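Each chain, written out:
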Amino acid sequence: MPINYYIILSLTLFVIGIVGVLTRRNTIIVFMCIEIMLNAVNLLLVAFSKMHHINQVATNPTAGTEAQLFVFFIMVVAAAEVSVGLAIIVMLFRNTHSIDVNFLNRLKH
Amino acid sequence: MNALIISAVFGVIMMFTGIFVKQKPVTRNIAIAGVALLLLVNILEMSGIDFFKVHTAGFMLFDRFALLFNSVAFGSTLIYFILSAPDMEKVGHYYADYFALIFFILCGVVLVASFQSLLILFLGIEIISIPLYILTGSNKRNLISNEASLKYFLMGAFSTGIMLMGITLLYGATGTFDTQFMNIETEGTSALVIAGMLLLFFSMAFKVSAVPFHFWTPDVYDGCPTVFTSFMATVVKSAAFVGFIRLFYDAFGSIHDDWKLVAAIITALTLLVGNITAVFQQSVKRMLAYSSISQAGFMLLGLLALNATSKEGIILYATAYSLATIGIFAILLKMNDHSFESFNGFARQQPLLAGVNVIFLLSLAGIPLTAGFLAKFYMLKATLESGDFLWLVILAVIMAAVSVYYYFRLIQAMYFKEGDGNAIEVSPGFKLMLVIVAACLIVLGVFPNLLLNWLYF
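Residues numbered from 1 in each chain as written. Chains lettered and ligands numbered in written order. Predicted model: local features only at pLDDT ≥ 70, side-chain atom pairs only at ≥ 80, totals over all residues. Heavy atoms only, no water.

Caption draft 1: Representation of the interface of chain A and chain B within the structure. Taken together, the 42 residues of chain A in the interface contact 42 residues of chain B. Regarding the contact of chain A and chain B, the summed buried area is about 3,900 Å², with carbon and sulfur atoms giving 80% of it. At the junction of chain A and chain B, the tally comes to zero salt bridges. For the pair chain A and chain B, the interface holds three residue pairs in polar contact (both at pLDDT 80 or more). Contributing elements (two or more residues each) for the side of chain A that touches chain B: α1 (3-23), α2 (27-56) and α3 (65-96) of chain A. Here the side of chain A that touches chain B gets 16 residues from one element, more than from any other, and that element is α3(A). Considering only residue class, the side of chain A that touches chain B consists of 29 nonpolar, nine polar and four charged. (Contact = heavy atoms within 4.5 Å. Buried area = accessible area lost by both parts, 1.4 Å probe. Salt bridge = Lys/Arg side-chain N within 4 Å of Asp/Glu carboxyl O. Polar contact = N/O pair within 3.5 Å; in protein donor to acceptor, adjacent residues only side chain to side chain. Helix = DSSP H or I, 4+ residues; strand = E, 2+ residues; numbered from the N terminus. Nonpolar A, V, L, I, M, F, W, Y, C, P; charged D, E, K, R; others polar.)

Caption draft 2: Expanded view of the domain arrangement of chain B. Residue and element names in this part refer to chain B. In terms of domains, chain B is made up of domain 1 (1-251) and domain 2 (256-457). Taken over C-alpha atoms, the centre of domain 1 sits 21 Å from the centre of domain 2. Surface buried jointly by domain 1 and domain 2 totals about 4,400 Å² across both partners, of which 78% is contributed by carbon and sulfur atoms. Our count for the domain 1 to domain 2 interface comes out at three salt bridges. Among the salt bridges present, the one from Arg 286 reaches Asp 222, with a minimum N-O distance of 3.0 Å. Between the two partners, domain 1 and domain 2, sit nine residue pairs in polar contact (both at pLDDT 80 or more). Secondary-structure elements contributing two or more residues to the side of domain 1 that touches domain 2 are α2 (24-46), α3 (64-84), α7 (191-207), α8 (216-223) and α9 (226-250). No other element matches α9, which puts 14 residues into the side of domain 1 that touches domain 2. Each residue belonging to the side of domain 1 that touches domain 2 can be placed in one class, and the counts come to 31 nonpolar, 11 polar and six charged. (Domains from an automatic or database assignment.)

Caption draft 3: A look at the packing of aromatic side chains. Residues and elements named next belong to chain B. In the structure shown here, the tally under the stated rule is 34 aromatic pairs over all chains. Judged by centre distance (5.2 Å) and plane angle (90 degrees), the rings of Tyr 133 and Phe 153 are edge-to-face. Residue Tyr 133 is located in helix α5 (residues 118-136), and its partner Phe 153 is located in helix α6 (residues 143-174); the two are separated by 20 residues in the primary sequence. Looking at Phe 153, the relative accessible area reads 0%, which means it is buried. (Phe/Tyr/Trp six-rings, centres within 6.5 Å; stacked < 30°, edge-to-face > 60°. Buried < 20%, exposed > 50% of the residue type's maximum accessible area, 1.4 Å probe, protein only.)

Below you can see the structure in the form of structure tokens.
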């Protein structure tokens, strides 16, 4: 398949994520949308990795592997971020009994 | 490499300290000794003594610029620990863990300051951010702290997503993550490169709170426990700037003409909005948050100019800004509330503290004979050398004049207003440390080469 299909698919997913973050009011959903953004990036990285591998395999047999590695790093960091993020949401829920993002407006003076 | 490994090890040591050591002063002293050790090994590495021979080619590059900035960051953290560590006790029960998180942040600072591969930049930014989310929300019973933490987390994760997309598009176009080998052509740059560069620019602008992306900063800085705001606004922010400059110097230096207009507009907006909004603040803490945005505007001038002077300037700026802000926050932490009124009559009660506070404020405002003046001077000089942006230099000078208004409001409250103020108790050691910091600012304001020579020799 041409690389353009992957780029369009990933960018679509990424934009869905961005729109979700900006419009949804439920913290968990916002959180899910951020995960969609990260996974769109993962998909695109793997596609690019394959593309560079096919193009350069004659001169460099390991071309493209660094992007595959990058994907694992993104997964690890996303997991770490989720653990901290969910802890923050639980802490907020204990104090306010709500997970609505609109609570964030209280800080504005 | 020394400092990277030792800071990670000290993070773990501090977590165990929390289990085995119950006395808070002992915990504090271990942490202070740890940062002092970091500073020492980093200076040793600058003179060529490297304890850990690890092959990092293609991922990290420990050049003079990175090592010097690391020294500045460790020095600022050392001063921050000595001045403000006792105040961390008030935040919560997990005293040793706060130190552990700060050591992990320092680990990330080293990564960001010395990255060569975009993978390391991403990891460094995340290693800085994730502990900061926790520190921001560390006052668990306080709703404001919770909200600040959630807001910072959502904004941080969102901008990380954007940054990753930028890195990916760049990889698609160039086939490498190594900033030294991207070889972006000046003529006919591909659309993927331009899109990736803009996404990276916007996400880094989020991290340094440049203006269209600054809206989280005042709320987060205000809601965060004040001791941690002090660290966040100084060391972390200058580290993000060093990463920003390194990225654009190494990877996008060849297409400087394509992005400098965007950078100039963002710089101008940052200077305008940061300074003018700071004028209207009623709380000193919030005023300092906006002042951090306006100081970011000046640091962006260094990014815009992108020459040797701007590298010197960013080091000097990071030092001057960090030292002065840490000093002001240390004094602010001793006050009962954070309004301008609480400083009324402060000079009569604590003449020495008021005196050093004046030096810090003068340095932030950029009055000659302080380090802040020379830092601003280097930035303006770098911009003039790059040629195009005379209007921006004029705007920056006008905005520096505006900033004098809100910094001097605090001086006016301390010296010329009557008030009982709040009686605060400080130890002689605290006063001595503040005097040393103020002396550093003045010495650097007269002989900046004491610091900058380290970049070359």
